[in-house]
Structure formats: structure tokens, C-alpha cells
Amino acid sequence: MKPARRPLALALVAALSFAFALPAMAQIQERTIKFGHLNNPDHPTSLGVRKFAEIVAAKSGGKIKVQEFAASQLGNELQQQSAVQGGVQEMLVASTTSLNGIVKEFGLLDFPFLFANAKQADALVDGPLGKLLASKLPEKGVIVLGFFDLGFRNVTNSKRPIMKGADLEGLKLRVIPNPVFLETFKAFKANPVPMPFAELYGALESKAVDGEENPFAVIASSKFYEVQKYVSGTNHVYATNPIQISKRFWDRLSPVEHKILQDAAIEAQNWQRVVSREVSAKALGELTAKGMLYNDVPPAELAKMRAEVRPVYDKFSAAYDPAIVTLFKSELERVSKF
């Protein structure tokens, strides 16, 4: 008779597990999350959003659905940022640009020539600095759940290869509407033009601007090779995209739902970073295959460019919270060892 007890014991454990699971499942309501971003559906940002949606669906038993709105369908970056703050749009993944307008110290992440590789960038945003900056946002209506990878930004244009800082002089370049980006390119005597991403292809096509700067994957996904001739490996900024959720929406969720979304964001973040870097490595080959002319910037010239933008560091650091700037400097020292 003893062997009969094992199935009975297993059944009891299963029943108890189910009973304990019921309260948690009861805390998950049927919901649809509008998740917007700026990039095309074949871009790593979109892949990351879809991975997040897949994980959330699995963890919520299909109760929470994530609806992706790619390619600025919900508006430009600043419009979507405002919608997230107001609770009209539940989620957004985009650059730190709009957050810089809410908590200005996010501009530290846009300082030029900070990192030698992706690991350093990950370590900075995943560490104490990223956590401190994120902690300033809930009172502004935004919660950050993680950081997707966008990659090193590089200059493209229709005029000439960029081999040194002086080659940027006089070029009309679209930049993110961000004070740090504007001052960075002014330091090279370029003519930076702030413009929403959704308007960029048309501006390049009509020659309203000579060029722009973006990671290789964005350049390829957006088909800028159709309207640009030169792509130069300036690697001037490493772009990371915060995964944002509206605090108004977040406050309506249960603790179980909080955990589902937070865990899903970190899982999707870690997956997306790997995929994004794989896509970036392939994207440069695609650009040259489509006819763009690529050039590296010699290390000695990059060092000179880094020195030329030193006033940008000094200007913005002086306007930021000194304690955050001090942490930023110590964190840069820490991550430089990666």
C-alpha cells in the first residue's frame, strides 16, 4: 500500500500549489498596454518590444497584452513622452533626449566620447548612476524599468567623409533635439539642426539637411543609404534607450503585475542588447553593400575630437547637481576597467 501514497502526496502538493497561486493570478487583470517607439519594425528596438510582449503574455497567462506602435505611430518622441507622463500612453522606449527635458542630469548619458565599448555603457546605466537618475523620474510621472541598447552613433552625410573634427565644419546635420548634442556639434563648427526623427528621411531626401548621426542599425533600418553617400565611424556617443512606463498607469497595477512587468523588462533588455549588437555588426556591411562609402576615423583624430568637446562637459556639468556629477565621474572611472 505504501507506493499508493506517492501519487496522493504529489496530488496534494499540486493542489496546494494551485491554491497558493490563485491569489496571485487574481491580482492580474485583463489589460492592453500601448508601447510606442520611433524605429521601424525590423529594428532591434522593435524586436525588444516584441520580446517584452511575449514574456509579459507568458508570465500573465495571456491576461496582459502589449500592443506595439512602431515608427512614431503615436507621435514624435516629445509627444509620446508627454503622453506617457499624462497616462494616455502606457509605455515608451526612446533615447534619453526627452528625459533630459524632465531631469536635466540625464544629459550626462549623452556626453560625447564616454565609452570604448558596449560593456562600459551597460555598466554605467545598470549601476548606481542609472539607478539614481531613474529615481528622479517617478515624481515627474515616469518610471524606468530598464535600458535597451541603441549603440554607438555615427555621422552620415552627402558631402564628404568625416576623417577629423574639421570635416564637420559647415555641414548642416540633423541632431536629436537635445542641448548636449547641439553644443557638441557646434564645437566642431557644424550647423546642427534639431528635428524629430520622423521628419529626418524627408529632410535628407530634399537636401534640407546634409546629414545626420545615428547607430548603424538605425541608418540601415531607416534606409538612409538611399539619400546619403558617406558614413563615418565617429562613434561619438553611445546611445541607450530607457524602457519607460507611465506612473499613472503603474499606480493602478497590483504588486503581482508590477513584478511581471519589471521582470519582463529586464529579461527583454538583456536579450535585446545581444541582438542589437549582432544587428549593428551586420548593418555596416549592409550599408556598404547598398553603396555607401565607409571610413574609420583615425584614433589620433578621435583623441583630438574628444579634446575639442571638453568645453561641452564643463558647461553642462556646471549646471547639473554636483552630487550627481561627482557620482558620474567616479562611475566613469569604475566602468573604464571593463
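Conventions used here
Residues numbered from 1 in each chain as written. Predicted model: local features only at pLDDT ≥ 70, side-chain atom pairs only at ≥ 80, totals over all residues. Heavy atoms only, no water. UniProt positions renumbered as here; feature names shortened; annotations may be inferred. Buried < 20%, exposed > 50% of the residue type's maximum accessible area, 1.4 Å probe, protein only. Helix = DSSP H or I, 4+ residues; strand = E, 2+ residues; numbered from the N terminus. Pairing = 2+ DSSP bridges. 1 Å grid on protein atoms, 1.4 Å probe; cavity = no way out; pocket = protein on both sides within 12 Å on 5 of 7 lines; lining within 4 Å. Points joined across faces, edges and corners; volume = space filled by probe spheres on them. Nonpolar A, V, L, I, M, F, W, Y, C, P; charged D, E, K, R; others polar. Phe/Tyr/Trp six-rings, centres within 6.5 Å; stacked < 30°, edge-to-face > 60°. Lys NZ or Arg CZ within 6 Å of the ring centre and 35° of its normal. Salt bridge = Lys/Arg side-chain N within 4 Å of Asp/Glu carboxyl O.

For the protein chain, an unreviewed UniProt entry supplies the name TRAP transporter substrate-binding protein and the organism Polaromonas aquatica. According to the UniProt record, the Sequence similarities (unreviewed entry) comment for the protein chain is "Belongs to the bacterial solute-binding protein 7 family."

What follows is about the pairing of strand β8 (residues 230-246). Of all 17 residues in β8, 16 are buried; the element is thus mostly enclosed. Bridge count between strand β3 (residues 91-93) and β8: three bridges; the pairing is antiparallel. Bridging from a neighbouring strand, L92 pairs with Q244 of β8. Both strand β4 (residues 142-157) and β8 contribute to a ladder of 13 bridges, which runs antiparallel.

Turning next to empty space enclosed by the protein. Tallied over the entire structure, the rule returns three cavities of 30 Å³ or more. Along its surface, the largest cavity is lined by S95, T96, L109, D110, R153, I176, F181, V237, Y238, A239 and T240. Among the elements that line the lining of the largest cavity, the one with the most residues is β8, at four residues. Looking at the lining of the largest cavity residue by residue, the class counts come to six nonpolar, three polar and two charged.

Turning to the packing of aromatic side chains, a few remarks are in order. In total, this model carries ten aromatic pairs according to the counting rule given. Ring centres of F316 and Y320 lie 6.3 Å apart, and the angle between their planes is 35 degrees; on these two criteria the pair is classed as tilted. Under the relative-accessibility criterion, Y320 is labelled buried at 5%. One aromatic cluster in this structure is built from F111, Y313, F316, Y320 and F328. Above the plane of the ring of W271 lies K51, whose end atom (NZ or CZ) is 4.9 Å from the centre.

Side chains that differ in charge, positive against negative, can pair when their charged atoms come close. Throughout the structure, instances matching the rule amount to 20 salt bridges. With a shortest N-O distance of 3.8 Å, K65 and E30 are connected by a salt bridge. Taken together, the residues K65 in strand β2 (residues 64-69) and E30 in the loop between α1 (5-26) and β1 (31-36) connect sequence positions 35 residues apart. K65 sits in the partly exposed class, given a relative accessible area of 44%. Across the salt bridge formed by R334 and E331, the nearest N and O atoms sit 2.7 Å from each other. Placement of both R334 and E331 in helix α14 (residues 322-335) is noted, with a separation of three residues, approximately one turn of the helix. Using a relative accessible area of 5% as the deciding quantity, one classes E331 as buried. Residues joined by salt bridges that share partners form a network here, namely D122, D126, D149, R273 and R277.

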